[in-house]
Amino acid sequence: MVEKISLAHGDGGELAHQLIQNVFITTFGHHDQAKLDAAILHIPQEKLTISTDSFVIKPTFFRGGNIGKLAICGTVNDLAVSGATPLYITVAFIIEEGFSIPQLQKIVSSMAEEAKKANVRIVSGDTKVVERGSVDGIFINTTGIGVINTEEMLPKTIDKQDVIIISGTIGDHGISILSARGELGLVTELNSDCASLNDLTSEVLNVSSRVKMMRDPTRGGVATTLVEICEDFNVTIEINEDALPVKEEVEGACDILGFDPLYLANEGKLLLIVAKEDEEKVLAVLKKFDIGREATTIGRVSEVETNGRLFLKMLLGSRRRLNRLAGMQLPRIC
Amino acid sequence: MKLDKAVKIVVKGRVQGVGFRPFVFSIAKKYSIKGTVQNNMDGVNIVAEGTAANLHSFIEQLQNNQPRLARIDHVQVEATAMFENYQTFTIIESDRKGKSSLVIPVDASVCPACIAEMTDESDFRYNYPFINCTECGPRYTIIKALPYDRPFTTMEKFKMCPDCKEEYEDPLDRRHHAQPIACPSCGPKLSLLSMEGTVVTTGESALEQCKCLLAKGAIVAIKGIGGFHLACDATNETAVRELRNRKKRPKRPLAVMANERNTIEEITNLSEAEKHLLDSPESPIVVVKKNNHQLIPECVAPGMKTIGVMLPYTPLHKLLFMKADYEVLIMTSANPSGLPMLYQDNEIFSYLRGIADFILTSDREIEHPLDDSVVQIVNNELQFFRRARGYVPDPFFIDTNINGIVALGPQQKNTFAIGRGEQIFIGPHIGDMGSVEVTDHFLHELKHLMKWVGIKHEVIAVDKHPNYETTSLASEMECNRIIKVQHHHAHHVSCMVDNQIKEACFGIILDGTGYGDDGNIWGFELLYGDALSYERLGHMSYYPLPGGEKAVKEPWRNAISLVLSHCEGGLCHLQKLFPYKKSEIETIQRMLKQNLNSPLAGTCGRLFDAVSALLKICDISTHDGEAAIRLSELTDETEWVNDYYQFSVIENGGLLEISLKEMVVELLEDIQKRTEQKRIVQKFHRTIVEMCLGLLMKAFEQRPYLNKQVVLSGGSFHNRFLFYHLVRLLKENGFEVFTHKKVPCNDGGVSLGQLVIASAQTTNKKGE
Ligand SMILES: [Fe+3]
Ligand SMILES: [Mg+2]
Ligand SMILES: [Zn+2]
Ligand SMILES: [Zn+2]
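Note that the coordinates shown come from a computational prediction; the quantities given were computed from them, not determined experimentally.

Caption draft 1: Looking closely at the overall build of chain B. A count of helical and extended segments in chain B gives 23 helices and 31 strands. Compactness check: chain B gives a C-alpha radius of gyration of 27 Å against a globular reference of 27 Å for 768 residues, within 12% of the reference. Considered along the principal axes of its C-alpha atoms, chain B spans approximately 80 × 70 × 50 Å. Counting the 768 residues in chain B, one finds 62% classified as buried. On chain B, roughly 28,900 Å² of surface is accessible, and the fraction owed to carbon and sulfur atoms is 49%. Mean positive and mean negative side-chain charge positions of chain B (85 and 95 charges, respectively) differ by 1 Å.

Caption draft 2: Representation of the coordination of the zinc ion (ligand 3) in the model. In this structure, C111 of chain B (SG), C114 of chain B (SG), C133 of chain B (SG) and C136 of chain B (SG) serve as the protein donors to the zinc ion (ligand 3), at separations of 2.3 Å. Classification of the site at the zinc ion (ligand 3) as tetrahedral follows from its 4 donor atoms and the range of 104 to 117° in their angles at the metal.

Caption draft 3: The arrangement of the pattern of salt bridges in detail. Taken as a whole and assessed by the stated rule, the structure comprises 65 salt bridges over all chains. Across the pair K212 of chain A and D162 of chain A runs a salt bridge whose closest N-O atoms are separated by 2.8 Å. In this pair, K212 of chain A is assigned in strand β8 (residues 211–215) and D162 of chain A in the loop between β6 (138–147) and β7 (163–166), connecting sequence segments 50 residues apart. There is no split in this pair, since K212 of chain A and D162 of chain A are both buried. The closest approach of N and O atoms between D357 of chain B and R246 of chain B, which form a salt bridge, is 2.9 Å. Pair noted here: D357 of chain B is in the loop between α10 (345–352) and β14 (358–362) and R246 of chain B is in helix α6 (residues 237–247), with a separation of 111 residues, a long-range link. A relative accessible area of 26% means that D357 of chain B is categorised as partly exposed.

Caption draft 4: Structural view of helix α13 (residues 487–498) of chain B. All names here are of chain B. The terminal C-alpha atoms of α13, which comprises 12 residues, lie 17 Å apart, in line with the 16 Å expected from a rise of 1.5 Å per residue. For α13, a buried count of 12 out of 12 residues is recorded, marking the element as mostly surrounded by other parts of the structure. Residues H487, H488, H489, A490, H491, H492, V493, S494, C495, M496, V497 and D498 constitute the buried set of α13. Where α13 begins, the side chain of Q486 points an oxygen toward the backbone nitrogen of H488, at a separation of 2.8 Å. Directly beyond the C-terminal end of α13, a positive phi value near 55° is found at Q500.

Caption draft 5: Spotlight on the interface of chain B and chain A. If you look at the interface, chain B gives 45 residues, while chain A gives 26 residues. Summed over both partners, the interface of chain B with chain A comes to about 3,400 Å²; 55% of that surface belongs to carbon and sulfur atoms. At the surface where chain B touches chain A, the tally comes to 3 salt bridges. E437 of chain B is paired through a salt bridge with R319 of chain A; the nearest N and O atoms lie 3.2 Å apart. Across the chain B-chain A interface, the total number found is 8 residue pairs in polar contact (both at pLDDT 80 or more). Residue assignment for the side of chain B that touches chain A shows that the elements contributing at least two residues are α11 (436–453), α12 (469–475), β23 (505–515), α14 (549–553), α15 (555–566) and α17 (582–594) of chain B. For the side of chain B that touches chain A, the element with the highest residue contribution is α17 of chain B, accounting for 6 residues. Residue classes in the side of chain B that touches chain A are distributed as 12 nonpolar, 19 polar and 14 charged.

Caption draft 6: Just the coordination of the magnesium ion (ligand 2), in detail. Residues and elements named next belong to chain A. Around the magnesium ion (ligand 2), the protein contributes the donor atoms D53 (OD) and D78 (OD), which lie 2.0 to 2.4 Å from the metal centre. Residue D53 is found in strand β1 (residues 48–55), and its partner D78 is found in helix α2 (residues 67–81); the two are separated by 25 residues along the sequence. A relative accessible area of 25% places D78 in the partly exposed class.

Caption draft 7: How the structure looks around the side chain of H489 of chain B. Residue and element names in this part refer to chain B. Relative to the assigned elements, H489 resides in helix α13. Assessed through its relative accessible area of 3%, H489 is described here as buried. With near-sequence residues (within four places) excluded, H489 lies in contact with L527, D530, A531, S533, Y534 and I757.

Caption draft 8: Just the domain arrangement of chain A, in detail. All names here are of chain A. In terms of domains, chain A is made up of domain 1 (7–148) and domain 2 (155–322). When each unit is reduced to the centre of its C-alpha atoms, the spacing between domain 1 and domain 2 is 28 Å. Counting from both sides, the interface comprises 19 residues of domain 1 and, opposite them, 23 residues of domain 2. When domain 1 packs against domain 2, the two sides together hide about 1,700 Å² of surface, and 55% of this comes from carbon and sulfur. Broken down residue by residue, the surface that domain 1 buries against domain 2 is led by R63, N77 and V81, which jointly contribute 36%. In this structure, R63 engages E189 in a salt bridge whose closest nitrogen and oxygen atoms are separated by 3.9 Å. Summed over the shared surface of domain 1 and domain 2, the number is 8 residue pairs in polar contact (both at pLDDT 80 or more).

Caption draft 9: Focus on the sheet that holds strand β21 (residues 459–463) of chain B. Residues and elements named next belong to chain B. Spatially, 6 strands are ordered β17-β20-β19-β18-β21-β22 in an open sheet, and the strand pairing comes out mixed. Each end of this open sheet is capped by a strand with a single partner; those strands are β17 (395–397) and β22 (481–485). With direction set aside, neighbouring strand axes in the sheet form an average angle of 25°. The pairing of strand β19 (residues 417–420) with strand β20 (residues 423–426) spans 4 bridges and is antiparallel. In the strand pairing of β20, G419 is matched with I424. Packing against the sheet, α11 makes contact with β18 (405–407), β19 and β20, and its axis sits at approximately 15° to β19.

Caption draft 10: Fine view of the pairing of strand β11 (residues 296–304) of chain A. Residues and elements named next belong to chain A. Where β7 and β11 come together, 4 bridges link them in antiparallel fashion. The partner of I165 across the bridge, within β11, is T297. Of the pairings in the sheet, the one linking strand β9 (residues 235–240) to β11 comprises 5 bridges and is antiparallel in character. Looking at β11, one finds that T236 is bridged to E303.

Caption draft 11: Layout of the sheet that holds β1 of chain A. Residue and element names in this part refer to chain A. Strand order in the open sheet formed by 4 strands is β1-β6-β4-β5, and the pairing between neighbours is mixed. In this open sheet, the two strands that pair with only one neighbour each are β1 and β5 (121–130). The sheet shows a mean angle of 10° between the axes of neighbouring strands, direction not considered. Looking at chain direction, strand β4 (residues 85–96) and β5 are connected through 9 bridges and run parallel. Each bridged residue has a counterpart across the sheet, and for A92 the counterpart in β5 is D126.

Caption draft 12: Layout of the domain arrangement of chain B. Per the domain assignment, the segments of chain B are domain 1 (6–91), domain 2 (190–374) and domain 3 (538–738). Put simply, the middle of domain 1 of chain B and the middle of domain 3 of chain B, counted by C-alpha atoms, are 52 Å apart.

Caption draft 13: Region of interest: the nonpolar core. Residue and element names in this part refer to chain B. F506, I508, L614, I688 and L730 are the most contacted members of the largest nonpolar core, which has 85 residues in total. Top element by residues in this core is helix α21 (residues 677–702). It accounts for 12 residues. Beyond its immediate chain neighbours, meaning those up to four positions away, I688 contacts L510, F524, C604, L607, F608 and L722. Counting 68 residues, the second largest nonpolar core, distinct from the first, contains I142, A206, Y313 and I430.

Caption draft 14: View of the pairing of strand β9 (residues 228–233) of chain B. All names here are of chain B. The buried fraction of β9 is high, at 6 of 6 residues. Between the antiparallel neighbours strand β8 (residues 220–223) and β9 lie 4 residues. Of the pairings in the sheet, the one linking β9 to strand β13 (residues 328–333) comprises 5 bridges and is antiparallel in character. Residue pairing in the sheet places L230 in a bridge with T332 of β13.

Thresholds, definitions, all that
Residues numbered from 1 in each chain as written. Chains lettered and ligands numbered in written order. Predicted model: local features only at pLDDT ≥ 70, side-chain atom pairs only at ≥ 80, totals over all residues. Heavy atoms only, no water. Helix = DSSP H or I, 4+ residues; strand = E, 2+ residues; numbered from the N terminus. Rg over C-alpha atoms; globule rule 2.2 N^0.38 Å. Buried < 20%, exposed > 50% of the residue type's maximum accessible area, 1.4 Å probe, protein only. Areas by Shrake-Rupley, 256 points an atom, 1.4 Å probe, with all protein chains shown as cover. Lys, Arg positive; Asp, Glu negative; His and termini not counted. Charge placed at Lys NZ, Arg CZ, Asp CG, Glu CD. Donors = N, O, S within 2.8 Å, 3.2 Å for Na, K, Ca; no water. Tetrahedral: all angles 85-135°; square planar, octahedral: opposite > 155°, others 65-115°. Salt bridge = Lys/Arg side-chain N within 4 Å of Asp/Glu carboxyl O. Expected span 1.5 Å × (residues − 1). Polar contact = N/O pair within 3.5 Å; in protein donor to acceptor, adjacent residues only side chain to side chain. Contact = heavy atoms within 4.5 Å. Buried area = accessible area lost by both parts, 1.4 Å probe. Nonpolar A, V, L, I, M, F, W, Y, C, P; charged D, E, K, R; others polar. Domains from an automatic or database assignment. Pairing = 2+ DSSP bridges. Axes fitted to C-alpha atoms, helices over the stretch in contact; angles between N-to-C directions. Core = buried A, V, L, I, M, F, W, Y, C linked by side-chain atoms within 4.5 Å.

What follows is the structure, given as C-alpha cells:
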C-alpha cells in the first residue's frame, strides 16, 4: 500500500516529525539548521535580492519536470534575471490529505537535485497538511535570496536599435503541460523547458556590460512579458514573425488548439534586451549552454516613446499590435 | 400671370457645391417662379411663388432633373401663408458661418462632355488622361484642407496655363472653378516606371506602352483616383492566375473593369437598376450575376455565380481601353495582405515588388486614399457591400443633435462616424483593423475628417468586444466619456437610422461574430428596442467554436463542433466526411469536452460556415466569409423549396432559443442519402428563413402589443435568398420590413448605429 499524507502529518506531532526527518531533512541536508526556528545565513555583499513565488500546477508531474523542480527553477530564475546570484531558498508545502508520500519524496528529491545544479542551498522549510479538497494535491511556495555582484542592469538606458534575444524555442512548457494532462489526446515527445537560468545569466553579465534587461517569460508568454516592458519603460518593440523559434510540435499543437506560441508559458527561457554592439557576444555565450543552443535575436527596440507598444512584423509585411494575454482569445473576425 | 401660391421647399442631400443653386435658378426662370434660393447648414432652402401648375412643374423638375452630382435625400414642401410677392428669382448668400459649414465634395466619374473633348482630335485636351470639369473628376481624394479650393489640393503644385485659367475664371464655362482643371501643357503627366523605380517612358507613350504590356499579359499597378489598382487582362487566364499567385489570393473574387457596358451585358444579365448604377457618377463596382458566356475565365471569381464589374471611371481608364487588344481588365486594389490600399509612389516599390511588373503613375498625388465602392441590387434595392469612392464623405441627416459624438466602428470592414449638429459623416471604408498600418491609416483619416467637419470628440462610441483594436484606440484618445455599444444593437439601430425609424421595433440581426452581453459570441439575434435600450428576445442556441478565431478561418472545425454538439452518433458521420482528419477530430472532441479555447457562439455566419464545410463546399476560408459566401452562391432566390429542416423554438430563462438539433440530424441524413447538393443548400436556406420567422412569430405571440415593424441587419443579409424570402415572408405575415439602403448591412454600417446609440445614452443621462 502506498503511504499517504494524513492530517496528522501536519499537526506538529510525531508523524510530522517523521515526515520532516525522513523526507525533507534527509533529502535537503542541513541537519543542524533544522533544529532552529530560523536559518542563520552568511551573506557576503550588501546588495541583496529577494523573491518569492507560489507554485500550483496541474499535473504535478510532467515531461521534463514536476512541481518541485519548477518551484526551485522559478525562484532561481526570478533572482537570476534581476542580475543576482541565487544563494538560499526557503520552501513551504501545503499538501492535501491523502497525497502519496512516495510522490512527495520524488518531488522533494528533484527539488534537492535542482537546487544543487543551481548551486543554491535550501535553508528553511514548512509543511502544512489540509483537508481533502482544500488544495489540489500539493502547493509549494519558495522564497529565494541572492546577491548582486555585477554591475546593475539599467533598463532606463534601453534605446533604439537594442536587440531582443530569446535563449531558445518558445511555448515548450505550455504545450507540454497541456499534453501531460492527457485530456487532449495530443501525443508529443515534448519536454517542458523547466530549467534554472542562473548560469546563463551570470555568464552573460560577465561578458557584456550592455545587457539592459533580462526576464523569464513565464505565464502570459513572450508577448505579455514584452508588452509589460514596453509599457513600463516607454519603448516600442518590434519582433519578427519569421524569427521566432518554435518547435514543430509546439507549432502543430498550437495549430490544432488555436493558440499562439507567443502567449504560452516558458519555464526555462531567458529574454534579453542588449545593445546592438553586444548582440553577437551575448548570442555566442548563450549558445555555449545546452539550454541556450537555439538562442536567437527575435526583434529590436524600434522607438523610445511614451505609450510604448509591442508590434509583430508579419511575414507578408504588415505589423500587428500585440496586447497582454486576455482571458479567452475571443474571435474578432466577423 | 397671377402668382397665386407660395411654398417653402427644403432640399436635403448632396445639394451644395454641385451647381444646385444655378440649376434651381434656371428652372425657376423656365416656369416663371419668383422667390429665392439659399444654402444653409443642412441643405438648400427655396421660397417659390407662382401658379399652382407652375409650382407643380417646378417641384417635379427639381426632383427629377438635377445636376449630375446632386443627390436629393429629402424634399420637404410646405405651403406658406407668407406671400411676399417677389418680383424676381434670386440666389442669396449662404446662411452659414464658420468652417464647420464647409462642404466636402465627393469624387465623380468622368462625364460625357469631358469624354467627348478627350476623344476629339481637335481639342487641346485630346487624349489627356486628367481631363475634368465641375461635374466630374477627383475631389475628396485630393483635398488637403478646406475650403475646397485649388491651393488646398494636391493640384496646388501645377500652375494653370492661360487656356485653363481662362476657363477656370469664366462664370459661363463648364470648368468655372473646377479645382483640378488641367491640360497637357500645365497639368499632371503619366509615367511608366519599372519596379526598380526608373522611368521607362512618360506621357502618351507611357499609356501606349502600358496598353501593350497589358495586352501581353503583364501585371501593371495603375494609379487611379483613390489609390493603386493591380491590373491585368481579365480574359487572359494565365495572367489572372499569375496575379493570384503573386498576391497570395487564391480564391477571393476579383473585380473587373470593362471597356463599355455592352461588354458587361455580354457576360452578365443586367437589370435596369444595375445599368443605371454602372453609368452613375459614383461608378461603383456592381456585383451582378454572370451568364454562361465564356469570355471571363472561371478563375476570376471561382465558384461564384456573381462577378464584380465596373466601367472606366477616370479619363485614364477610358484611354486604357481605347483601341486596346483587351476588353476587360482585372482591377483589384493594390493592397498587400493586411495593409491599407497603396496610394503613394514611394511605398509602392517596396510593397509591390514581386507582385507588379510595372507601374503606371502620375504626378497628381492622392491625399486621401479611397477604395472603390461595392454594391449590389437585390429585389430592386441598392445594397452596399462597401461604401467608399463616390459616396464618402456625404453626410446623413437625422433630426437629433449628435454634435461631438464620434463612433470608432468595429474590427472588420471598419468605418468610423462623426456627428456634427444633425449631420453624421461616415468615413471611408477602412477595412480590417488587424494591422498597425491600418489603424494608423484609420487615425489619420479620422483626424482629418474631424478637422474638416470642425468637431472635437467629446463622446467616443466603441464596440463592447474587449479585444477590438478600436477599444484600445479609444482608451488612448482624450474624451469625456467612452460608451461601449453591443455589436448587434449597433446593427439594429443602424438600420433604424437608415430608415428614419425612431419608435422601438423588432430587429432580426443575422451576422458573423459579435461580442454579446453575456460574454458569448452572438450573431443570430431577435432584438426589440431603440437607440436608448434594447431587449434580446431570442437567438440561435450556442455551440462551441473550438480554437476560437481559428474556427472562423477553418470552418471544418466548426462543422465538427456543430455535429458533435447536436448529434449523438455524430462522430462516425464526421469520420466518414473527413477521413483525412481523424486525429484532429479526436483532439477537437477533447477540446470541446475540456472546454479548452472553445468560446460559445450562436451566429448565422458561423452556422453557414459549418454547413459549407459539412457539404464539402469550403472547409478552409482563404478570405473572410468565403465558406458562407460560396454556400450561398449555390442557391437561387427565384426558387422556393417545398420543405425545410425541422427546428424548435424553446424558452430558456425567458429567452427564446432556436434549437438546431433536429436540423443537424436531418441535414446529416440528407448528406448520407446523397441528396443533391443544391437541394440541401436550398432547404438549409429556407430553414434559416423559417427560423427567423418562427422566432419572431413566437415573440410576437407572447407580446402582441409590440410594434410590428422589423429592421433587418447584419452581414448575412447580403445573401440574396435570405434577404428576398425573409422580407417576403415577414410582409406576408403582416410585418412592416425595413432593410439597409444607405449604409452596408455588414459591419461597415456599425459605426452609424454606435453613434446614434451613444447620443441617445448621453442625452438621456443628462436629462436624468
Ligand atoms: Fe457584424
Ligand atoms: Mg516570481
Ligand atoms: Zn467633366
Ligand atoms: Zn492648362
